[in-house]
Amino acid sequence: MRPWAHMREEPPPTGLGRGWLGGKGWAGVGIIAAFTLMAVFAHGLAHYSPTATFAAWQPPSTAHWLGTDDYGQDVFSQVVYGSRASLVVGGLAGLLSGVIGTAVGLVAGYVRGIGSEILMRFVDLMLVIPALALMIIIGAFLPSVGQGAQILIIGALSWLWMARSIRSQVMSERERGYVAAARIVGLSDGEIMLREVLPNVVPIVIANLVMVITAAILVQASLNFLGIGNPATVSWGSMLSLAFTDDAILQGAWWWIVPPGICIALFAYGFVLLGNDVLDRYARGREG
Amino acid sequence: MRYSARYLAKRVGFALLTIYLAATADFLLPRLMGGNPAQALASSTGLASPATVAAITKQFGLSNPNWGYQYGLYLWQLVHGNLGISYEYYPSPVSTILLRALPYTVALVLSATVISFAVGWTLGMIGAWRRGGWVDQVGVSIAFGFYAVPYFWLAMMLVFVFAFLLGWFPMGHALPSSITGLTPWQWIAGAVRHGILPVTSLVLTSTAGHLLLMRNNMLTVLSDDYMQLARAKGLKPFSLMFRYAARAAMLPSFTGLMLSLGNVVGGAVVTEIVFSYPGIGLATYNAILSHDYPMIQGAFLMLAVAVVAANLLADLIYPLLDPRVTLQ
Amino acid sequence: MGVARTAEGSERDTVLRVQGLDVDYLTERGVVAAVRDMTFSLRAGEIVGIAGESGCGKSTLAHAVCGLLHPPARIRQGRIELGGQDLVGLSERAMRSIRWERIAIVPQSAMNNLSPVLRIGDQIADAILAHRPSTRPQAREKARALLQMVGMLGHHAASYPHELSGGMRQRAVIAMALALHPEVLVLDEPTTALDVMVQATILGAIRDLRDQLGFAVLLITHDLPLLLQTVDRILVMYGGRLVESGSADGIWRRPRHPYTQALLEAFPPLTGPRRRLNAIQGLPPNLLQPPVGCGFAPRCPLTMDRCEEQRPPWTIQGDAAAACWRLDGEGEA
């Protein structure tokens, strides 16, 4: 018995039972699902084409629910179509990062030796360099930055924290009995990593993946805001970029500024809710 | 002194290695992305005279297609503090322009970091101490809420509401437009008034990380055995929380503070743009718009060096705070 | 449920008296009967050992005596009298002023109970300053004296815990516990994780300090043979209950309860190699559903039919006593 162990707080009762997800987690899933539906059915949802033009600087009305921008484009339609960019770039960049982060974390955590040591030193080194600045450099020098390039840039540079987190978890898993048992049975290191260790760190992977996607959504918006990206593709970030450069603030055009920002924040918050819930449940499962 | 030579050598070596890596990336990435510095130079509109184009070409060896040769010259110039000549502000050297901008970014990042750390640290400490209490619940949910908000949008909203609608603060810039004839106090007051909104937007979005880290550390420390003995020997809750729990929980969050700098710098870049705040971020933005490549590269390197320097500073301060470091 | 069960000394020099103490843990799965009907007393200057396997409730008892139980643990009934004053039901604030002044605890694995970022001397000074009006320099000076008293050097006060060995840290915590000259010192597994030599010197030091300062000691351990060499009187706990009490000598020569016998066989003597010779078969009782009869019956080599059905009575034989049906009829109760 650990000293004082009996004096510790019991884990608080979950209230919602020990399902796969709690209330917050499902709320997160709901938000993500809503935006996914918006992206898929953008054509049916939006009243106009995102590039069709009407009278400029119109405040919200029944014809234009969220008004029009300085080109006279319908803001509501732009917001609806803009969800596609966030979903595709944020989601795929997050997934790419997740795959790299999981692989690096698994290998660096499981395999001992100079190689994995150097790998982690490199990760530490990269963590110090401001990632956004690095992305700016890459984006600024590319002749054009389409969605594919954005996915690659964001995905290639967002896995560092995740690799660290998964590595430390894998390092503690490696000491557990089932790994030793698998070794005795004669499984190869690769098989142990993929079939034994990986399933046991899945909650950590999911929680990290969700946070990486959150970051990817925000970073993509930032890059688009900085003018890195294809201006022809409507995204929430590029909408805000245009709103900023074309002085929407001075025009008092709140309807052009508020909705894209709310969408980014809400979409990202959906992933935050989901990730926190997964992590909470995992931690609680480990405690009791 | 608590420093061992080994510790110093390791930290300084790590910092130098990071800077070298950043510099190499700065050289390599534009070329790998298909940029041709010689071509960019030739087609640059800001440079009038062919003679200067020739001079720059020679200085950086751009006529020689061998990257190894160019790399050597690049590093050589770098060691001498030469980041190249700005295309946009010809003939000003990039370093001159960026060094003028750097203090603004440093001021922004530093004050935002200190404030967000203090706020996050306090809320995280109280939240963990009264786990599940109202400070904990409200603090954590607000922190996560702001975590999901993009820096630049929050900045735009602050400008819109507090500068445009309410007129409480200036819309942008770092200082009053005419600074001649101001007393030092008026100058400081002006700088603070201009800084409040940008700093606020950075603080709001970066407090979450500090709060959660401190809260987690506190929770770990609170369940440590020595907390129970400290309680048993009769310490009152207040000194228990500060002297025993927070003191130990702060140390890991101090490391977190420095690792978060990279993020805050990224946030500062976009925030500066929204507030027309004349720091490195605004310089980068203008450089992107005008294809001033040496400026973009220089800005990246400047930011990287600044963050690495701050990290090194933190590494040197840390042993003074944590008695375990040098001897372990 | 008699009151005076253990061999009592004169009433006057009794410093700690525990009577009919029950402690529960309120868990999600139900009430755990951690301690049941615990009754014993401690005379001034006496060293009493409490032995039992882990989970028998001995640590819970130690914390109850020091007023350190927190939810989910709860005292269901009973009295804990320290110099005649009942500690059960005292407010946290009242308990805070009594603890360390009159009763102090050296917790389990005490060497991990020091803050890693504060100097040893300051941590001892904090205990003094929490109770006595004093200045920090004075308290630090006192801390240095206390460290010297437990066999350390004055300059160790300026050390951080990680700079000292486990045994040194253990001594530092003992110094901290003695800082205000308490009447009772509770030692919870003071020697686990220390090697045998260090164990012996620490226990020796505690005996010497007791002779010098006159405090009473409640020494809790799973290592019964260790108690035999250190203490005056031994209480054996099993499944939250007292199963035997007697002088160290008496228990060594004639253990009355089969569990005590098993415990004696489970450990080599203090001087021998530290390994289990004859571990007791089976598991301690599940205290969520406390057994009706003797809790040891399922593991007992001498079990009889009525052991499982009826709780054995507390049988006093001279200065020793035990709860076992085998003693029924032999006793004087």
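Please read these numbers as outputs of a predicted model, since none were measured by experiment.

Take the interface of chain A and chain B next. Counting residues at the interface gives 53 residues for chain A and 51 residues for chain B. Around 4700 Å² of area is buried between chain A and chain B when both sides are counted, 81% of it from carbon and sulfur atoms. Here chain A and chain B share zero salt bridges between them. Seen at the junction of chain A and chain B, the total is one residue pair in polar contact (both at pLDDT 80 or more). Counting only elements with at least two residues in the side of chain A that touches chain B, the list comes to α4 (114–128), α5 (131–141), α7 (160–174), α10 (202–225), α11 (236–245) and α12 (254–287) of chain A. Split into classes, the residues belonging to the side of chain A that touches chain B amount to 41 nonpolar, six polar and six charged.

In this section: the interface of chain C and chain B. Counting from both sides, the interface comprises 25 residues of chain C and, opposite them, 19 residues of chain B. When the two sides are added together, the surface that chain C and chain B hide from each other amounts to roughly 2100 Å², 63% of it contributed by carbon and sulfur. Here chain C and chain B share one salt bridge between them. Put simply, B:Arg243 and C:Asp126 hold a salt bridge, and the shortest N to O gap is 2.7 Å. Scanning the region where chain C abuts chain B turns up five residue pairs in polar contact (both at pLDDT 80 or more).

Moving on to the packing of α5(A) against helix α6 (residues 147–157) of chain A. All names here are of chain A. Two elements in contact, α5 and α6, have axes whose closest approach is 10 Å; the angle formed by their N-to-C orientations is 150 degrees. Here α5 is positioned roughly antiparallel relative to α6, judged by the angle of their axes. Crossing hand, α5 versus α6: right-handed. Side by side, α5 and α6 meet where Ala131, Leu134, Met135, Ile138 and Gly139 of the first sit next to Ile153, Ile154 and Leu157 of the second. Of the residues that constitute the contact of α5 with α6, the class distribution is seven nonpolar, one polar and no charged.

All right, on to helix α7 (residues 151–165) of chain B then. For an α-helix the count is 3.6 residues per turn, leaving residues at separations of three or four pointing the same way. Residues and elements named next belong to chain B. Its 15 residues give α7 an end-to-end C-alpha distance of 20 Å, which sits within 8% of 21 Å, the value for a rise of 1.5 Å per residue. Within α7, the axis deviates most sharply at Val159, by approximately 25 degrees. Burial analysis of α7 places eleven of its 15 residues in the buried class, the great majority of the element. When we look at burial in α7, the residues that qualify are Tyr151, Phe152, Trp153, Leu154, Ala155, Met156, Met157, Leu158, Val159, Phe160 and Ala163.

So, on to the domain arrangement of chain C. All names here are of chain C. Domain boundaries in chain C define domain 1 (3–102 + 185–323) and domain 2 (110–181). Computed from C-alpha atoms alone, the centre-to-centre distance between domain 1 and domain 2 is 28 Å. Counting from both sides, the interface comprises 19 residues of domain 1 and, opposite them, 16 residues of domain 2. Summed over both sides, the interface between domain 1 and domain 2 buries roughly 1400 Å², with carbon and sulfur atoms accounting for 69% of that surface. Inspection of the domain 1/domain 2 interface yields one salt bridge. The closest approach of N and O atoms between Glu101 and Arg132, which form a salt bridge, is 2.8 Å. Across the domain 1-domain 2 interface, the total number found is three residue pairs in polar contact (both at pLDDT 80 or more). For the side of domain 1 that touches domain 2, the per-class residue count stands at twelve nonpolar, four polar and three charged.

Rules and cut-offs
- Residues numbered from 1 in each chain as written.
- Chains lettered and ligands numbered in written order.
- Predicted model: local features only at pLDDT ≥ 70, side-chain atom pairs only at ≥ 80, totals over all residues.
- Heavy atoms only, no water.
- Contact = heavy atoms within 4.5 Å.
- Buried area = accessible area lost by both parts, 1.4 Å probe.
- Salt bridge = Lys/Arg side-chain N within 4 Å of Asp/Glu carboxyl O.
- Polar contact = N/O pair within 3.5 Å; in protein donor to acceptor, adjacent residues only side chain to side chain.
- Helix = DSSP H or I, 4+ residues; strand = E, 2+ residues; numbered from the N terminus.
- Nonpolar A, V, L, I, M, F, W, Y, C, P; charged D, E, K, R; others polar.
- Axes fitted to C-alpha atoms, helices over the stretch in contact; angles between N-to-C directions.
- Parallel < 35°, antiparallel > 145°, perpendicular 65-115°, else oblique.
- Left-handed = near helix turned anticlockwise from the far one by under 90°.
- Expected span 1.5 Å × (residues − 1).
- Bend = angle between axes of the 7 residues up to and from the residue.
- Buried < 20%, exposed > 50% of the residue type's maximum accessible area, 1.4 Å probe, protein only.
- Domains from an automatic or database assignment.

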